[in-house]
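Now for the letters of each chain:
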Amino acid sequence: EDCRVVHFRLEPLGEVILHRTDKSLAIRNREGKVGTIVPASFASNVALPMRIVCDGDIVEVFLNDRYSLAARMPKPRGPSRFIMNTGGGAAQITQLRVAKIAGANSKP
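Residues numbered from 1 in each chain as written. Predicted model: local features only at pLDDT ≥ 70, side-chain atom pairs only at ≥ 80, totals over all residues. Heavy atoms only, no water.

## Examining the pairing of strand β1 (residues 5-11)
Within a regular beta strand, the side chains point alternately toward one face of the sheet and then the other, so they alternate between its two faces.
Then step 1. Pairing analysis gives six bridges linking β1 to strand β2 (residues 14-19), with the strands arranged antiparallel. Within the sheet, the bridge partner assigned to Leu10 lies in β2 and is Gly14.
Then step 2. Between β1 and the antiparallel strand that follows it, β2, lie two residues.
Then step 3. In the sheet, β1 pairs with strand β8 (residues 81-85) via five bridges, with the strands oriented antiparallel. In the sheet register, Glu11 faces β8, and the bridge partner there is Arg81. (Pairing = 2+ DSSP bridges. Helix = DSSP H or I, 4+ residues; strand = E, 2+ residues; numbered from the N terminus.)

## Structural notes on the pattern of salt bridges
When the charged atoms of two side chains lie near each other, side chains of opposite charge can form a pair.
Then step 1. Under the counting rule described, the total for this entry stands at five salt bridges.
Then step 2. The shortest N-O distance in the salt bridge between Arg30 and Glu31 comes to 3.6 Å.
Then step 3. With a relative accessible area of 37%, Arg30 lands in the partly exposed category.
Then step 4. Asp57 is paired through a salt bridge with Arg72; the nearest N and O atoms lie 3.0 Å apart. In this pair, Asp57 is assigned in the loop between β5 (50-55) and β6 (58-63) and Arg72 in strand β7 (residues 67-72), connecting sequence segments 15 residues apart.
Then step 5. Judged by relative accessible area, Arg72 falls into the exposed class, the value being 62%.
Then step 6. A network of salt bridges, in which partner residues are shared, links Arg9, Glu11 and Arg81. (Salt bridge = Lys/Arg side-chain N within 4 Å of Asp/Glu carboxyl O. Buried < 20%, exposed > 50% of the residue type's maximum accessible area, 1.4 Å probe, protein only.)

## A few points about the sheet that holds β6
Then step 1. Here we have three strands laid out as an open sheet, ordered β5-β6-β7, and antiparallel in their pairing. Both outer strands of the open sheet, β5 and β7, are each paired with one neighbouring strand and no more. The sheet shows a mean angle of 10 degrees between the axes of neighbouring strands, taken without regard to direction.
Then step 2. Where β5 meets β6, six bridges bridge the pair, whose relative direction is antiparallel. For Arg51, the partnering residue across the bridge sits in β6 and is Phe62. (Axes fitted to C-alpha atoms, helices over the stretch in contact; angles between N-to-C directions.)

## Some points on the sheet that holds β1
Then step 1. The strand order across the open sheet built from five strands is β4-β3-β2-β1-β8, with neighbouring strands paired in antiparallel fashion. For this open sheet the edge positions go to β4 (34-39) and β8, each flanked by a neighbour on one side alone. In this sheet, adjacent strand axes meet at a mean angle of 10 degrees when their direction is disregarded.

## A few points about a nonpolar patch on the surface
Then step 1. Taken together, the side chains of Phe82, Ile93, Leu96 and Val98 make up a nonpolar region of the molecular surface, amounting to roughly 420 Å² of accessible area.
Then step 2. The topology assignment puts Phe82 in strand β8. (Patch = residues over 30% accessible without salt bridge, like charges linked within 9 Å, V, L, I, M, F, W, Y side chains within 5 Å. Areas by Shrake-Rupley, 256 points an atom, 1.4 Å probe, with all protein chains shown as cover.)

## Details of the nonpolar core
Then step 1. In terms of nonpolar packing, the biggest core is built from 19 residues, with Val16, Leu25, Ile27, Val59, Val61 and Leu63 touching the most fellow members.
Then step 2. Elements with a contribution of two residues or more to this core: β1, β2, β3 (24-29), β6 and β7.
Then step 3. Leaving out residues up to four positions away in the same chain, Leu25 has contacts with Val16, Ile17, Leu18, Thr36, Ile37, Val38, Met50, Val61, Leu63 and Leu69. (Core = buried A, V, L, I, M, F, W, Y, C linked by side-chain atoms within 4.5 Å. Contact = heavy atoms within 4.5 Å.)

By themselves, these observations are geometric and do not establish any function.
Next up, the structure:
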């Protein structure tokens with residue numbers, strides 16, 4: 001079964017939602033309020049490359065080398081986790097990389 005909605009939970013910040021039926025991409029904060037949404041035109045039956053970058057309280061999403069959006073979400077203390085929920089449909093992550101981004105005050 002094809003996946004129509006994919007939720008990428010970025011705890012404790014919020015989530016990124018790819019909605020294939022409504023053809024939209026959104027970022028919601030941890031209270032569920034939409035911070036940023038963009039309509040996106042794409043075929044519903046093809047793989048879509050997506051890149052999610054979290055840097056402190058900033059979340060940036062790049063979809064299909066065509067769409068991008070960003071939101072700032074205050075980050076409470078606590079561990080960070082990544083959870084993907086497809087609501088019962090099929091979805092696949094083909095590459096996942098977690099890296100610490102060096103800040104301006106980092107020493108080489």
